[in-house]
Amino acid sequence: MADKIPAGLGALFVILATLFGSGAGAVLQAASDTTPSASSECTPDGSPTGTVPDLTAEQLTNAAVIVAVGKKQGVPPQGWIIAVATALQESGLRNLIYGDRDSLGLFQQRPSQGWGTPAQITTPAYAAAAFYQRLATTPGWQQMSVTDAAQAVQHSGFPGTYAKHEQRARAIVVALVGVRCQPAPTGGSSGRSCDAIQAPNPAALAAINYACGQRGLPYLWGGNGPQDHGFDCSGLTTAAYRAARITLPRTADAQYRTGPQLPATTPLLPGDLVFYGTVAHVHHVGLYLGGSTMIDAPDEGQVVQIQPYRHSGDDYLGATRPAR
């Protein structure tokens, strides 16, 4: 096919080196194994170690092309995550030459719907660029959940199916280019977003990624996650740190007492837990994201969301740092 991205990993390395710099070496290292490990840790300078979650060389190549095209087009990292999650749902990150009706390629785009010719759609770089172009025309896509943004582009007959791929898509992007994988002394986040959060260590990163993937789930007293169709505040933080292989007690009060508690003068880092109430009775907990924001399951009638961790008249008590 004309203008197709070279299939060889050597050629892929040249493409990624041009777009990503020295971090492309991590991609090539991971691509040498058809079943890379599921970890995604950071080196001291903040670059990823090169492991990718359960991808074959074909899937890795396609994911890397999707991210590379997004970076070249100036799409922010959240867009890369949306695109990878979409391709995971539509094709399993495989460049399919078949699909429902005339659907083809990574995103199962349809020539009859104006996405391009069959040759174009089955060219991964073209398909990714076409996806990003339609994403860019979606008003407010950067404020949408991953599944809503993907659905706005894809118009799938099964809306909501993209959500289950968000956490894995985030891990893939982190492993490829180190997004949100840079150690930082103070941490930071821009606005009420899960984008560009600088986690201080891999455990905090894993907890944040998990919690961010739960946005939109309803508050449910005693809820422990998607299997219960919702979370309460400590259910969310327990599950987030379980994803980071750190075991926390189940209630906000017990989590506060488990610590380690931070002195009031210690700057908060993304991944810290922030608590509300009194020493005698802690009634709420959230996961700090940086930029004076947290993600939490607030109360009845609300959903898992990002919001400021302090407000006038609150009963903020203090913070702990489970990820050290």
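Only a predicted model underlies this, so the values are computations on that prediction, with no experimental measurement involved.

**Student:** I'd like to hear about the overall build of the protein, residue by residue, with values.
**Tutor:** Secondary structure summary: the protein contains eleven helices and seven strands in total. Here the protein holds 324 residues, and 51% of them are scored as buried. Expressed as a percentage of contacts within the protein between residues at least 6 apart in sequence, the contacts between residues at least 24 apart total 55%. For the protein, the computed accessible surface area is about 14,000 Å², with 55% contributed by carbon and sulfur atoms.

**Student:** Before we move on, can you summarise the packing of helix H4 (residues 77-91) against helix H6 (residues 124-136) with the specific residues and values?
**Tutor:** Taken N-terminus to C-terminus, the directions of H4 and H6 make an angle of 120 degrees; their axes are 11 Å apart at the nearest point. With respect to their mutual orientation, H4 and H6 come out oblique. At the point where H4 passes H6, the crossing takes the right-handed sense. Residue-level inspection shows Gly79, Trp80, Ile82, Ala83 and Thr86 of H4 in contact with H6, the latter providing Phe131, Tyr132 and Leu135. Here the contact of H4 with H6 is composed, by residue class, of six nonpolar, two polar and no charged.

**Student:** Could you give me a rundown of the packing of aromatic side chains, with the residues and numbers involved?
**Tutor:** Applying the stated rule across the entire model yields seven aromatic pairs. A ring pair is formed by phenylalanine 107 and phenylalanine 131, whose centres lie 4.9 Å apart and whose planes are at 15 degrees; its orientation type is stacked. Here phenylalanine 107 is found in the loop between H4 and helix H5 (118-121), whereas its partner phenylalanine 131 is found in helix H6, with 24 residues between them in sequence. For the pair phenylalanine 107 and phenylalanine 131, one class covers both residues: buried. Plain terms: the ring middles of tyrosine 256 and phenylalanine 275 are 5.3 Å apart, the flat faces sit at 65 degrees to each other, and that makes the pair edge-to-face. Of this pair, tyrosine 256 sits in helix H11 (residues 252-258) while phenylalanine 275 sits in strand S3 (residues 273-277), and the two are 19 residues apart along the sequence. Residue tyrosine 256 is classed as buried on the basis of its relative accessible area of 8%. By relative accessible area, which is 0% here, phenylalanine 275 ends up buried. One aromatic cluster is present, formed by Tyr276, Tyr288, Tyr309 and Tyr316 through successive ring pairs. Positioned over the ring face of tryptophan 115 is arginine 134, at 3.7 Å from the centre of the ring.

**Student:** Before we move on, could you go through H4 and cite the residues and values that matter?
**Tutor:** A rise of 1.5 Å per residue sets the reference length of H4, with its 15 residues, at 21 Å; its end C-alpha atoms lie 21 Å apart and thus fit the reference within 8%. Counted residue by residue, H4 has twelve buried out of 15 residues, so it is predominantly covered. Where H4 is concerned, the buried positions are Gln78, Gly79, Trp80, Ile81, Ile82, Ala83, Val84, Ala85, Thr86, Ala87, Leu88 and Ser91. Residues of H4 that are buried sit in contact with helix H3 (57-72), H6, helix H7 (146-154) and helix H8 (166-177). Taken from the residues just after H4, glycine 92 is the one with a positive phi, measuring 65 degrees.

**Student:** Summarise the packing of H3 against H6; cite the residues concerned and give the values.
**Tutor:** As a packed pair, H3 and H6 sit with axes 9 Å apart at the nearest point and diverge in direction by 50 degrees. By the angle between their directions, the pair H3 and H6 is classed as oblique. Both H3 and H6 take part in a crossing whose hand is right-handed. When H3 is examined against H6, the residues Asn62, Val65, Ile66, Val67, Val69 and Gly70 are found in contact with a partner set consisting of Pro124, Ala125, Ala128, Ala129 and Tyr132. When its residues are assigned to classes, the contact of H3 with H6 shows nine nonpolar, two polar and no charged.

**Student:** Can you break down the nonpolar core residue by residue, with the values?
**Tutor:** Judged by nonpolar contacts, the single largest core of 41 residues is most densely connected at Ile66, Val84, Leu93, Phe107, Phe131, Tyr132 and Ile172. Contributing elements (two or more residues each) for this core: H3, H4, H6, H7 and H8.

**Student:** Break down the confidence of the model for the protein for me, with residues and values.
**Tutor:** Of the residues in the protein, 78% reach a pLDDT of 70 or more, and the chain-wide mean stands at 80. Residue range residues 1-15 is modelled with pLDDT below 50. Its contacts to residues more than four positions away, or to other chains, number 24 contacts. Across residues 179-191 the pLDDT falls below 50, and counting only partners more than four positions away or on other chains, this stretch makes 51 contacts in the model.

**Student:** Can you lay out the environment of threonine 56 for me, pointing to particular residues and giving the numbers?
**Tutor:** Here threonine 56 shows up in the loop between helix H2 (24-31) and H3. It is 9.6 Å that separates the C-alpha atoms of threonine 56 and leucine 93, two residues lying 37 residues apart in sequence.

**Student:** Which residues make up the pattern of salt bridges, and what values do they have?
**Tutor:** The full count for this structure, using the stated rule, is eight salt bridges. As a salt-bridge pair, aspartate 102 and arginine 110 come within 2.6 Å of each other at their nearest N and O atoms. Overall, aspartate 102 belongs to the partly exposed group, its relative accessible area being 23%. Its salt-bridge partner being arginine 215, residue glutamate 166 comes within 3.3 Å of it at the nearest N-O pair. Placement of glutamate 166 in helix H8 and of arginine 215 in the loop between helix H9 (202-212) and strand S1 (224-225) is noted, with a sequence separation of 49 residues between them. Taking relative accessible area as the criterion, glutamate 166 reaches 5% and is therefore assigned buried. The network of salt bridges with shared partners includes Glu166, Arg170 and Arg215.

Procedures and definitions
Residues numbered from 1 in each chain as written. Predicted model: local features only at pLDDT ≥ 70, side-chain atom pairs only at ≥ 80, totals over all residues. Heavy atoms only, no water. Helix = DSSP H or I, 4+ residues; strand = E, 2+ residues; numbered from the N terminus. Buried < 20%, exposed > 50% of the residue type's maximum accessible area, 1.4 Å probe, protein only. Contact = heavy atoms within 4.5 Å. Areas by Shrake-Rupley, 256 points an atom, 1.4 Å probe, with all protein chains shown as cover. Axes fitted to C-alpha atoms, helices over the stretch in contact; angles between N-to-C directions. Parallel < 35°, antiparallel > 145°, perpendicular 65-115°, else oblique. Left-handed = near helix turned anticlockwise from the far one by under 90°. Nonpolar A, V, L, I, M, F, W, Y, C, P; charged D, E, K, R; others polar. Phe/Tyr/Trp six-rings, centres within 6.5 Å; stacked < 30°, edge-to-face > 60°. Lys NZ or Arg CZ within 6 Å of the ring centre and 35° of its normal. Expected span 1.5 Å × (residues − 1). Core = buried A, V, L, I, M, F, W, Y, C linked by side-chain atoms within 4.5 Å. pLDDT = per-residue confidence, 0-100. Salt bridge = Lys/Arg side-chain N within 4 Å of Asp/Glu carboxyl O.

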